[in-house]
Amino acid sequence: MRDLLLIFAISLGAALAIGFVGAVLLRALRRSSITVHLSVLLTTTVVAVTVGVMAVAEAMFLSPHDLEVVLITVAAAAVVSLAVGGHFGRRLALAAVWRDQARERERQLEKGRRDLVAWVSHDLRTPLAGLRAMAEALEDRVVRDPDTVDEYHRRIRLETDRMSRLVDDLFELSRINAGALRLSLTAVPLGEVVSDALASTAPLADARRIKLVASESGWPMVAASEPELARVVTNLLLNAVRYTPEDGTVRIEAGREGDHAWLSVADTCGGIPPADLPQLFDIAFRGEPARTPGPGDAGASGGLGLAIVRGLVEAHGGRVEVRNIADGCQFMVRLGTA
């Protein structure tokens, strides 16, 4: 019994010494990754067992041959334990990180949904209140002057169009997020798409005294679905016109680099805060108040326009990015050529 207690005491002392070193090391590495923590913990356990066996073997005065056999056996077991433990420990660490990232993505998506509902509710409440007030005024004959009646009818039409665009944006965004968007890619002349988008944007630009400048040549053929590509270009132009001060300039250019085409829309908005750039394509993001359209903004889209741009461009296998330039910002779209 005394020999067994002695063996236990020697093993326990060796294990405690190694465990203390491991605990100190884990505390020093407390800000490291889960993989590092699991590796240190596994190594500490294996080394504690190995040192305990070696200490007991030395205390038992084994012959050199027997001690060599014990050490070889312990070393083989340690190698296998470290290999198996390291492999599965790494898998556990990756699974833990993946779960954390999944939870974070879920929180961000939920926040995005709440923000979207809040923005859309706000954007719908304003025109609905105006429509109701104007309709009641017309119904109750409060407004009788022909010019005022015509103005009310015009404003009702404008607000109805604005709400229709918002509903269309929501539908398009739901198709993108649900993965239900199926594109039929053909060879599309980018110059014609840009020309049509410029024509539809010109009235808003003229009202704000903003100059639209487009290259006369150099427009490549791109592999795209024409309706979705037209929406991308129109949304980018409307966004540029909406946030460019009066008497500013919006410039649209395109070119070809290897097997890819690029489209650039640059404005003179004065630039975007660097902290806002990574979030600019997020759903319902509008940035600081200066970038929030007013109730009467004909181009208002509930903060969905750029989110739709990113979704449609990525559905084409391309990418879109934004950066600040000297006097404004520049949106760059890259697509495959036809």
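Residues numbered from 1 in each chain as written. Predicted model: local features only at pLDDT ≥ 70, side-chain atom pairs only at ≥ 80, totals over all residues. Heavy atoms only, no water.

### Remarks on the overall build of the protein chain
Let me state the cut-off plainly: Going along the chain from the N terminus, every DSSP run of H or I of four or more residues is numbered as a helix, and every run of E of two or more is numbered as a strand. Accessible area is worked out with a 1.4 Å probe on protein chains only. A residue is then buried under 20% of its type maximum, exposed over 50%, and partly exposed in between. Residue contacts follow a heavy-atom distance rule, with two residues in contact if any of their heavy atoms lie within 4.5 Å. In these tables, accessible area is a Shrake-Rupley quantity obtained with a 1.4 Å probe, and a residue counts as shielded only by the protein chains included in the view.
For the protein chain, the helix and strand inventory stands at seven helices and seven strands. Element order for the protein chain, N to C, with α for helix and β for strand: α-α-α-α-β-α-β-β-α-β-β-α-β-β. Out of the 338 residues in the protein chain, the part that is buried amounts to 34%. Relative to all contacts within the protein chain whose residues are 6 or more apart in sequence, the contacts with residues 24 or more apart total 72%. About 19900 Å² of surface is accessible on the protein chain, with carbon and sulfur atoms providing 60% of the total.

### Some thoughts on helix α6 (residues 226-243)
Put simply, the rule is: To estimate the expected span of a helix, count its residues, drop one, and scale the result by 1.5 Å.
In this model, α6 (18 residues) spans 26 Å end to end at C-alpha, consistent with the 26 Å of a helix rising 1.5 Å per residue. Here α6 lies mainly inside the structure; 13 of its 18 residues are buried.

### Considering the sheet that holds strand β6 (residues 319-324)
Put simply, the rule reads: For two strands to count as paired, DSSP must find a minimum of two bridges between them. Where helices are involved, their axes are fitted lines through C-alpha atoms of the stretch in contact, as for all axes, and angles between N-to-C directions lie from 0 to 180°.
In space, the five strands of this open sheet follow the order β2-β4-β5-β7-β6, with mixed pairing throughout. One side of each edge strand has no neighbouring strand; the edge strands of this open sheet are β2 (211-214) and β6. Adjacent strand axes in the sheet meet at a mean angle of 15°, parallel and antiparallel pairs treated alike. The pairing of strand β5 (residues 260-266) with strand β7 (residues 329-336) spans seven bridges and is antiparallel.

### A closer look at the packing of helix α5 (residues 190-207) against α6
To keep it simple, the criterion reads: Should the near helix be turned anticlockwise from the far one by less than a right angle, the crossing is left-handed, and should it be turned clockwise, the crossing is right-handed. Classification convention: Asp, Glu, Lys, Arg as charged; Ala, Val, Leu, Ile, Met, Phe, Trp, Tyr, Cys, Pro as nonpolar; all other residues, Gly among them, as polar.
Between α5 and α6, the least distance of the axes is 9 Å, while the angle of their chain directions is 40°. Two packed elements cross with a definite hand, and for α5 against α6 that hand is right-handed. Packed against α5, whose contacting residues are L190, V193, V194, A197, L198, S200, T201, L204 and A205, the element α6 presents E226, L229, A230, V233, T234, L237, L238 and V241 at the interface. Residue composition of the contact of α5 with α6, grouped by class: 13 nonpolar, three polar and one charged.

### So, empty space enclosed by the protein
Any space left empty among the atoms is revealed by the rolling of a water-sized probe across them. For clarity, the cut-off: Here the term cavity refers to a set of points on a 1 Å grid, laid over the protein atoms alone, in which a 1.4 Å probe fits but cannot get out; the term pocket refers to an open set having protein on both sides within 12 Å along at least five of seven lines, with lining residues being those that place an atom within 4 Å of a point. Grid points are joined across faces, edges and corners, and a volume is the space filled by probe spheres set on the points.
In this structure the tally under the stated criterion is two cavities of 30 Å³ or more. Taken as a whole, the largest cavity spans an internal volume of roughly 40 Å³. Along its surface, the largest cavity is lined by L190, V222, L229, A261, W262, L263, V333 and L335. Elements with a contribution of two residues or more to the lining of the largest cavity: β5 and β7.

### Quick look at the side chain of N235
Inspection of the secondary structure puts N235 in helix α6. Using a relative accessible area of 14% as the deciding quantity, one classes N235 as buried. Excluding anything up to four places from it in sequence, N235 contacts G305, I308 and V309.

### Thoughts on unusual backbone geometry
Positive phi is not limited to glycine here, since R209 has a value of about 55°. Along the chain, R209 falls in the loop between α5 and β2. In this structure R209 comes out as partly exposed when scored by relative accessible area, which is 48%. Residues other than glycine seldom take positive phi values, yet D247 does so here, at roughly 70°. Take D247: it is sitting in the loop between α6 and β4 (249-257).

### What to know about the pattern of salt bridges
Selection rule: Should a side-chain nitrogen of Lys or Arg be within 4 Å of a carboxyl oxygen of Asp or Glu, the pair is scored as a salt bridge.
This structure, assessed with the given rule, holds ten salt bridges. Between D247 and R209 there is a salt bridge, and its shortest N-O distance comes to 3.1 Å. Of the two residues, D247 is situated in the loop between α6 and β4 and R209 in the loop between α5 and β2; the sequence distance between them amounts to 38 residues. Accessibility expressed as a relative area gives 55% for D247, which makes it exposed. With a closest N to O distance of 4.0 Å, R334 and E321 form a salt bridge. Here E321 lies in strand β6 and R334 lies in strand β7, a separation of 13 residues in the sequence.

### Thoughts on the confidence of the model for the protein chain
Selection rule: pLDDT expresses, on a scale from 0 to 100, how confident the predictor is about each individual residue.
On average, residues of the protein chain score 81 in pLDDT, and 89% of them reach the 70 mark or higher. Residue range residues 288-300 is modelled with pLDDT below 50. Its contacts to residues more than four positions away, or to other chains, number 24 contacts.

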